Amino acid sequence: MTDTLTIRRPDDWHLHFRDGEIMRGVVPYTARQFARAIVMPNLTPPVTTAQLAQEYRERIRAATPAGTAFEPLMTCYLTDTTDPDDLARGAAQGVFTAAKLYPANATTNSASGVSDVAKLYPVLERMEADGIVLCIHGEVTDHDIDVFDREAIFIERHLRAIVRDFPKLKVVFEHITTADAVQFVEQAGENVAATITPQHLHINRNAMLVGGIQPHNYCLPVAKRETHRLALRKAATSGSPKFFLGTDSAPHLRGDKESDCGCAGIFGAPYALESYLTVFDEEGALDQFEAFASLNGPAFYGLPVNEDRITLERAEIAVPQELDLAGATIVPWHGGQTIGWRIAD
Ligand code: DOR
Ligand code: ZN
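Engineer: Could you give an account of the site of ligand 1, naming the residues involved and the relevant values?
Structural biologist: Near ligand 1, the surroundings consist of 13 residues, among which R18, N42, T107, L220 and H252 are the closest. Taking H16, its side chain carries an N or O atom lying 3.4 Å from an oxygen atom of ligand 1. For ligand 1, whose accessible area on its own is 290 Å², the fraction buried by protein is 100%. Taken together, the residues that form the shell around ligand 1 break down as four nonpolar, seven polar and two charged.

What follows is the structure, given as structure tokens:
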């Protein structure tokens, strides 16, 4: 049995840092494990311009512990009025690594998102021409569509058209949760990839709803049926370069989740690598972990792989029930559970 695993330092290709005090509490958890992270722009107000992204990047850098080489990779929050020139300039200057499409009102802080994908076509044309990666929250928002069907219907209504109309556009289908999404990505060209979160590899929808409502297992897109979880595990551990690590770590205060209208989001950052590795171990796929965590993402984004290494070792660790971040209480993913891997010093 393999008891230690040394891999190139991984990156997190989908992450929410928030801002202010919470951000300062959250950044060290990510910087401990990852060399880079694609930072989501859904702040209030959202990060819609290169100027705002540059300022936000500085705040993140200031929150990074001294001696840690961590690089935040910034994204532009797309709206109905995104200026293609500002986006292209920001990308050319190295401020933006990608742009994020939130369908309006799909999730946390997405009210200023895109109301109609057709309005975004001039922006997508420019992104395709300039090689700027498009990250997509792939869910429709129509009230008459069942929440468990929103990802699959997004593929049929929007994603197929985007990929058809912009055949060279690099698209990351974020935090996929269905076998439909796995199949779509597998069948698309090599310019289409997907990130997968730890929670969607670990739980199905029962974890949210059986034995009482469990708000710390609630995120968007919501976990689906077991068949979908198994398809995600197969994709993540398959060695296919189209699937890579993106935690979607999204901290919310304990009180905001345990509320009569609980927020969507799981704070996966603190034990992210350990959580993913448990899945690869269970699937007998430890040899595929480096590709998923450290190689496929950089290859897709056209960035160099990280040169330094990180070692994980088999050991039982008790994940705390809750974490104190600057006086605020946040429940981490796996809170109160024991997991079987840890990062070696
Ligand atoms: O669960 C989620 N939380 N999904 C998202 O898409 C956004 C995120 C957040 O920002 O809280
Ligand atoms: Zn997210």
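On we go.
Engineer: How would you sum up empty space enclosed by the protein? Please name residues and give values.
Structural biologist: Throughout the structure, instances matching the rule amount to two cavities of 30 Å³ or more. In this model, the largest cavity occupies a volume close to 110 Å³. H16, T107, L220, D248 and A250 are the residues nearest the centre of the largest cavity, which is lined by 16 residues in total. Taken together, the residues of the lining of the largest cavity break down into five nonpolar, nine polar and two charged. Together, T177, H200, I203, A223, K224, R225, H228, R229 and L232 line the second largest cavity. With three residues, helix α9 (residues 226-236) is the largest single contributor of residues to the lining of the second largest cavity. Its residues assigned to classes, the lining of the second largest cavity comprises three nonpolar, three polar and three charged.

Engineer: Account for the coordination of the zinc ion (ligand 2), with residues named and values stated.
Structural biologist: Only H14 (NE2), H16 (NE2) and D248 (OD) from the protein reach the zinc ion (ligand 2) as donors, at distances of 2.0 to 2.1 Å. Read in sequence order, the donor residues coordinating the zinc ion (ligand 2) give the pattern H-x1-H-x231-D. Here D248 lies in the loop between β9 (243-245) and α10 (254-257) and H14 lies in strand β2 (residues 12-15), a separation of 234 residues in the sequence. The residues H14 and D248 share a single accessibility class, namely buried.

Engineer: I'd like a description of the nonpolar core, backed by residues and values.
Structural biologist: The biggest cluster of nonpolar side chains holds 84 residues, and the ones touching the most others in it are F17, L78, L134 and F289. Among the elements that take part in this core, helix α11 (residues 272-282) stands out by supplying six residues, more than any other. In terms of nonpolar packing, the next biggest core, distinct from the first, is built from 14 residues, A98, V133, V172 and F300 among them.

Engineer: Got a sec to walk through helix α5 (residues 150-165)? Specific residues and values, please.
Structural biologist: For α5, built from 16 residues, the straight-helix expectation of 22 Å at 1.5 Å per residue is met to within 8% by its first-to-last C-alpha distance of 22 Å. Maximal helix bending in α5 amounts to about 45°, located at E156. Among the residues making up α5, those that are buried are R150, E151, F154, I155, L159, A161, I162 and V163.

Rules of the game
- Residues numbered from 1 in each chain as written.
- Chains lettered and ligands numbered in written order.
- Predicted model: local features only at pLDDT ≥ 70, side-chain atom pairs only at ≥ 80, totals over all residues.
- Heavy atoms only, no water.
- Near = heavy atom within 4 Å.
- Polar contact = N/O pair within 3.5 Å; in protein donor to acceptor, adjacent residues only side chain to side chain.
- Areas by Shrake-Rupley, 256 points an atom, 1.4 Å probe, with all protein chains shown as cover.
- Nonpolar A, V, L, I, M, F, W, Y, C, P; charged D, E, K, R; others polar.
- 1 Å grid on protein atoms, 1.4 Å probe; cavity = no way out; pocket = protein on both sides within 12 Å on 5 of 7 lines; lining within 4 Å.
- Points joined across faces, edges and corners; volume = space filled by probe spheres on them.
- Helix = DSSP H or I, 4+ residues; strand = E, 2+ residues; numbered from the N terminus.
- Donors = N, O, S within 2.8 Å, 3.2 Å for Na, K, Ca; no water.
- Buried < 20%, exposed > 50% of the residue type's maximum accessible area, 1.4 Å probe, protein only.
- Core = buried A, V, L, I, M, F, W, Y, C linked by side-chain atoms within 4.5 Å.
- Expected span 1.5 Å × (residues − 1).
- Bend = angle between axes of the 7 residues up to and from the residue.

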